[in-house]
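Architecture and fold: a report
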Amino acid sequence: YGSLVLLPIMLQTLFGYPPMLAGIAMAPRGIGSFVMMPLTGLMTGMFDPRKLLSIGFLIGGITLLWLSRLSLQAGYWDIFWPQLIQGAALSLLFVPLTTAAMAAIPREKMGNATSLFNLMRNIGGSIGIAVTGTMLVRQQQAVTSQLGSHVTAYDPATQAMFAQIRGGFIAGGADPVTATNRTYAALFGTVWRQASMVSFVTIFQILGLLFLALIPLVLIMKRPAHQGPPPEAAH
């Protein structure tokens, strides 16, 4: 859920996607889940759900680490493929997890159990969204400060870029004072975009490692006494 929230923000703030295109760019994740969900339901009745969970965590972690390799030069297809595969991986998580969690619940208690299951999942998703949003803001501030410390009037590369940008504004008709102010703003914008990109990929990397770290926890789950499609109330 955290990565689902971060991607549209990244696409709109750093890559200039309007809301409509950002939504279209997010569609591959839904397509992957749509295609894989029926297959996961069939496989859940054939294989140990814990194995499917492990595969889902593994693939999900790999796709998040894949997203952590993005840069400001990334194109649409660089985002399309990891999302498509990630959507398929998510279907390998939700369906087997529901099956494994509900396998030992008596039928007369199934309604209460599925309500608590969905409640905890929603609480966890809300916490994840809040944590990743907070991490993004703090990381942006920290990295912006770190990168900005190297952009000084005594740095030759900064001086050259400042002169080039200022000259472009003056050539465009701006007076020297206005050109200078715009140049400062442009330099800060460059630093902020780089810092934001670093922040996004850092969080994607952390989320990917967390996915992989969850795989050993599957081993402590009990093997379901019987296998079959998950209860309808859990969808």
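Reading the values: rules and limits
- Residues numbered from 1 in each chain as written.
- Predicted model: local features only at pLDDT ≥ 70, side-chain atom pairs only at ≥ 80, totals over all residues.
- Heavy atoms only, no water.
- Phe/Tyr/Trp six-rings, centres within 6.5 Å; stacked < 30°, edge-to-face > 60°.
- Helix = DSSP H or I, 4+ residues; strand = E, 2+ residues; numbered from the N terminus.
- Buried < 20%, exposed > 50% of the residue type's maximum accessible area, 1.4 Å probe, protein only.
- Salt bridge = Lys/Arg side-chain N within 4 Å of Asp/Glu carboxyl O.
- Core = buried A, V, L, I, M, F, W, Y, C linked by side-chain atoms within 4.5 Å.
- Contact = heavy atoms within 4.5 Å.
- Axes fitted to C-alpha atoms, helices over the stretch in contact; angles between N-to-C directions.
- Parallel < 35°, antiparallel > 145°, perpendicular 65-115°, else oblique.
- Left-handed = near helix turned anticlockwise from the far one by under 90°.
- Expected span 1.5 Å × (residues − 1).
- Bend = angle between axes of the 7 residues up to and from the residue.

Structural notes on the packing of aromatic side chains
- Under the defined criterion, the tally for this structure stands at eight aromatic pairs.
- Ring geometry for Tyr76 and Phe80: centres 5.9 Å apart, planes at 45°, overall tilted. Highlighted residues: Tyr76 and Phe80, both in helix α4 (residues 76–102), separated by four residues, approximately one helical turn.
- Relative accessible area serves as the criterion here: at 29%, Tyr76 is assigned to the partly exposed category.
- Under the relative-accessibility criterion, Phe80 is labelled buried at 14%.
- Look at Phe80 and Trp81: their rings are 4.9 Å apart centre to centre, the planes differ by 85°, and that puts the pair in the edge-to-face class.
- Within the aromatic cluster, the residues linked to one another by ring pairs are Tyr76, Trp77, Phe80 and Trp81.

A look at the pattern of salt bridges
- All told, the structure shown has one salt bridge when counted by the stated rule.
- Here Arg50 and Asp48 are joined by a salt bridge, their closest N and O atoms 2.8 Å apart. An identical accessibility class is assigned to Arg50 and Asp48; each is buried.

Comments concerning the nonpolar core
- If you look at the biggest cluster of nonpolar residues, it comprises 23 residues, and the most contacted ones within it are Met10, Leu11, Phe15, Met197 and Phe204.
- Residue assignment for this core shows that the elements contributing at least two residues are α1 (2–13), α2 (19–44), α3 (49–67) and α7 (176–213).
- In terms of residue count, the dominant contributor to this core is α7 (six residues).
- If we ignore the near neighbours within four places in the chain, the residues touching Met10 are Phe15, Leu70, Met197, Phe200 and Phe204.
- Leu53, Phe57, Leu90 and Val218 belong to the second largest nonpolar core, which has five residues in total.

Description of the packing of α1 against α7
- Orientation of α1 relative to α7, taken along the N-to-C sense of each, is 160°, at an axis distance of 11 Å. Between α1 and α7, the angle falls in the class roughly antiparallel. As for how α1 packs across α7, the hand of that crossing is left-handed. Here Ser3, Leu6, Leu7, Ile9, Met10 and Thr13 of α1 lie close against α7, whose contacting residues are Trp192, Met197, Phe200, Ile203, Phe204 and Leu207.

With respect to α2
- Here α2 spans 37 Å end to end across 26 residues, near enough to the 38 Å set by a 1.5 Å rise per residue.
- Met36 marks where α2 bends most, by close to 35°; the proline Pro38 follows one to four residues later.
- Every buried residue of α2 is listed here: Ala22, Ala25, Met26, Pro28, Arg29, Gly32, Ser33, Met36, Thr40 and Thr44.
- Check the buried side of α2 and you find it contacts α1, α3 and α4.

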